[in-house]
Amino acid sequence: SMGFGVVCALLLVIMVIGLASMNRIHDGMVDIVDDRIPKMDASNTILLQTNAVAIALRNMMLTNDAADRQKQIETIAQSKQIVDKNLELLDQLVTLPKGKELLKEVKDLRGKYVVGQQALGELIMADKPDEARAYLTGQLRPVLASYQTAIKALAQQQVELMDASAKVGAETYSGARAVMIGLGVLALAMAAGIGLLITRSLLKELGGEPSDAAEMARAAAQGDFTHTVTVRPGDTVSLLASLGAMQGSLANVVSTVRHGSEGVATASAEIAQGNNDLSARTEQQASALEQTAASMEELGSTVKQNADSARQANQLAQSASTVAVKGGEVVGQVVETMKGINESSRKISDIISV
């Protein structure tokens with residue numbers, strides 16, 4: 001976990017550095033595209049339209065055609081509108097102090113040039129070619145040169161800022177590239193080292209080749225407990241050593257179960273034989289019970305007959321008892337008679353004695 005955590009942390013650092021560098025490069029590109037290029041384009045447009053005005057003024061001096069001169073005047077007016085628009089754009093985009101200073105110089109010189117431009121136009125339209133040429137050469141051309149120089153300086157500043165942004169982007173790219181390559185190499189080296197350590201640790205825990213453990217497990221799954229592998233001397237904790245111990249324990253369990261099964265089979269055979277003997281004895285007992293039942297039926301008939309005889313004997317006994325009672329009464333009468341005879345005999349004896 002620590003090894004893979006370190007590798008993942010390095011990869012995360014590489015990703016963060018790459019994203020940060022890409023963001024800086026992107027910001028530089030956005031700055032160039034959205035700020036530097038528009039300002040340089042506006043400066044170049046102002047310079048181009050200024051040159052167009054200068055050419056239109058010269059064209060007006062070279063022709064006496066009123067229509068052509070009017071066309072040049074329209075060209076000058078159109079160029080003026082384009083310059084005004086681009087100056088407004090530069091007012092919005094220029095933020096650096098030096099840029100603002102250069103832009104102010106451009107505006108000041110443009111104001112002087114516009115005044116001279118109008119004056120030259122009036123001389124041309126008044127058909128004063130000699131005075132117009134003298135004014136152009138002596139007064140307006142130096143102002144135009146200063147004005148063009150200021151515009152070029154403003155454009156050059158944007159070029160320098162673009163070069164600086166490009167340089168920063170290149171330096172950012174080079175630095176990020178070097179750091180990412182360094183961290184990538186470090187991550188690869190750590191991954192290789194950690195992988196080697198993990199592999200060695202796993203092989204040590206296995207106690208041999210992974211195929212040996214797989215083969216032993218496969219043999220055990222198929223019920224073969226005779227498969228053996230060689231482990232290091234004194235190794236009792238590796239996977240192969242544990243599998244060997246488990247295999248021995250399973251073999252003992254299977255042997256015990258086998259012996260127990262044989263004992264159960266023997267006992268089952270004895271129980272079956274005993275069941276057969278019990279069945280035979282049960283049949284004998286059933287036959288004896290049938291005979292006993294027949295004897296009981298005969299005994300019942302005899303008992304019934306004895307009961308009838310007992311009732312007859314009881315009746316005879318009752319009759320004999322009645323006769324005996326009557327005989328007792330007769331005997332009592334005889335005893336009384338004999339008493340009377342006895343008394344009469346004593347009287348006779350007394351009489352005879354006298």
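Keep in mind that this is a model prediction, so the values were computed, not measured. (Residues numbered from 1 in each chain as written. Predicted model: local features only at pLDDT ≥ 70, side-chain atom pairs only at ≥ 80, totals over all residues. Heavy atoms only, no water.)

Chemist: So what exactly am I meant to see when it comes to the overall build of the chain here?
Modeler: Helices and strands together make up the secondary structure of the chain, namely six helices and zero strands. Ordered by position from N to C terminus, the α and β elements of the chain give α-α-α-α-α-α. Long-range pairs, those at least 24 residues apart, make up 77% of the contacts in the chain with a sequence separation of at least 6. Total accessible area on the chain is roughly 23,800 Å²; 61% of this is exposed by carbon and sulfur atoms. (Helix = DSSP H or I, 4+ residues; strand = E, 2+ residues; numbered from the N terminus. Contact = heavy atoms within 4.5 Å. Areas by Shrake-Rupley, 256 points an atom, 1.4 Å probe, with all protein chains shown as cover.)

Chemist: What is the right way to read a nonpolar patch on the surface from this model?
Modeler: A surface patch of nonpolar side chains, about 490 Å² in accessible area, is lined by Leu12, Met15, Val16, Leu19 and Met22. When you line up the elements, valine 16 lands in helix α1 (residues 2-62). The class for valine 16 is partly exposed, based on a relative accessible area of 47%. (Patch = residues over 30% accessible without salt bridge, like charges linked within 9 Å, V, L, I, M, F, W, Y side chains within 5 Å. Salt bridge = Lys/Arg side-chain N within 4 Å of Asp/Glu carboxyl O. Buried < 20%, exposed > 50% of the residue type's maximum accessible area, 1.4 Å probe, protein only.)

Chemist: Would you take a moment to explain the pattern of salt bridges for this structure?
Modeler: Pairing is possible between side chains of opposite charge, provided their charged atoms come close. According to the stated counting rule, one finds six salt bridges in the structure shown. Arginine 110 serves as the salt-bridge partner of aspartate 84, at 2.8 Å between the closest nitrogen and oxygen. Residue aspartate 84 is located in helix α2 (residues 66-93), and its partner arginine 110 is located in helix α3 (residues 97-125); the two are separated by 26 residues in the primary sequence. Residue aspartate 84 is classed as partly exposed on the basis of its relative accessible area of 23%. Residue class for arginine 110 comes out buried when judged on its relative accessible area of 13%. Residue lysine 104 is joined to aspartate 108 by a salt bridge in which the shortest nitrogen-to-oxygen separation is 3.2 Å. On the criterion of helical spacing, the pair formed by lysine 104 and aspartate 108 is a turn pair, its members being four residues apart in helix α3. Each member of the salt-bridge network shares a partner with another, and the members are Lys80, Asp84 and Arg110.

Chemist: Could you clarify how one ought to interpret the side chain of glutamine 117 in this entry?
Modeler: By secondary structure assignment, the location of glutamine 117 is in helix α3. Judged by its relative accessible area of 12%, glutamine 117 is buried. In this structure glutamine 117 touches Val53, Leu57, Ile76 and Leu140, once residues within four positions along its chain are discounted.

Chemist: Could you clarify how one ought to interpret the environment of proline 142 in this entry?
Modeler: As for its position among the elements, proline 142 is in helix α4 (residues 129-206). Take proline 142: its relative accessible area is 42%, and that puts it in the partly exposed class. Once the C-alpha coordinates of proline 142 and tyrosine 113 are considered, the two residues, 29 residues apart in sequence, prove to be 9.5 Å apart.

Chemist: Hey, could you run me through the nonpolar core in this one?
Modeler: Most often, soluble globular proteins keep nonpolar side chains buried together rather than apart. Within the largest apolar cluster, 31 residues are counted, with the highest numbers of intra-cluster contacts made by Leu57, Leu90, Tyr113, Leu120 and Tyr147. When residues of this core are traced back to their parent elements, those giving at least two are α1, α2, α3 and α4. (Core = buried A, V, L, I, M, F, W, Y, C linked by side-chain atoms within 4.5 Å.)

Chemist: What's the story with the environment of glutamine 81 in this structure? I'm lost.
Modeler: Topologically, glutamine 81 is positioned in helix α2. You can call glutamine 81 exposed: its relative accessible area is 59%. Between the C-alpha atoms of glutamine 81 and glutamine 49, which are 32 residues apart in sequence, the distance is 9.6 Å.

Chemist: Whenever I open this one, α2 confuses me. Can you help?
Modeler: In an α-helix there are 3.6 residues to a turn, and that puts residues three or four apart on one side. Across its 28 residues, α2 extends 41 Å between first and last C-alpha, which sits within 8% of the 40 Å expected from 1.5 Å per residue. When α2 is considered as a whole, its buried residues turn out to be Arg69, Gln72, Ile76, Ser79, Val83, Asn86, Leu87, Leu90 and Leu93. Here α2 starts with a cap whose side-chain oxygen sits 3.2 Å from the backbone nitrogen of alanine 67, and that cap is aspartate 65. (Expected span 1.5 Å × (residues − 1). Polar contact = N/O pair within 3.5 Å; in protein donor to acceptor, adjacent residues only side chain to side chain.)

Chemist: Explain unusual backbone geometry here, please?
Modeler: Residues other than glycine predominantly adopt negative phi, and peptide bonds predominantly adopt the trans conformation. The backbone of aspartate 127 shows a phi angle near 55 degrees, a positive value even though the residue is not glycine. Among the structural elements, aspartate 127 can be located in the loop between α3 and α4.

Chemist: Looking at this structure, I do not really get α3. What am I missing?
Modeler: For α3, built from 29 residues, the straight-helix expectation of 42 Å at 1.5 Å per residue is met to within 8% by its first-to-last C-alpha distance of 42 Å. After α3 finishes, the residue aspartate 127 shows a positive phi value of roughly 55 degrees.

Chemist: Teacher, can you tell me more about the packing of α2 against α3 here?
Modeler: With their axes 13 Å apart at the nearest point, α2 and α3 run at an angle of 170 degrees to one another. The pairing of α2 with α3 is recorded here as roughly antiparallel in orientation. For the pair α2 and α3, the contacting residues are Arg69, Ile73, Ile76, Lys80, Val83, Asp84, Leu87, Leu90 and Asp91 in the first and Leu103, Val106, Lys107, Arg110, Gln117, Ile124 and Met125 in the second. Looking at the contact of α2 with α3 residue by residue, the classes come out as nine nonpolar, one polar and six charged. (Axes fitted to C-alpha atoms, helices over the stretch in contact; angles between N-to-C directions. Parallel < 35°, antiparallel > 145°, perpendicular 65-115°, else oblique. Nonpolar A, V, L, I, M, F, W, Y, C, P; charged D, E, K, R; others polar.)

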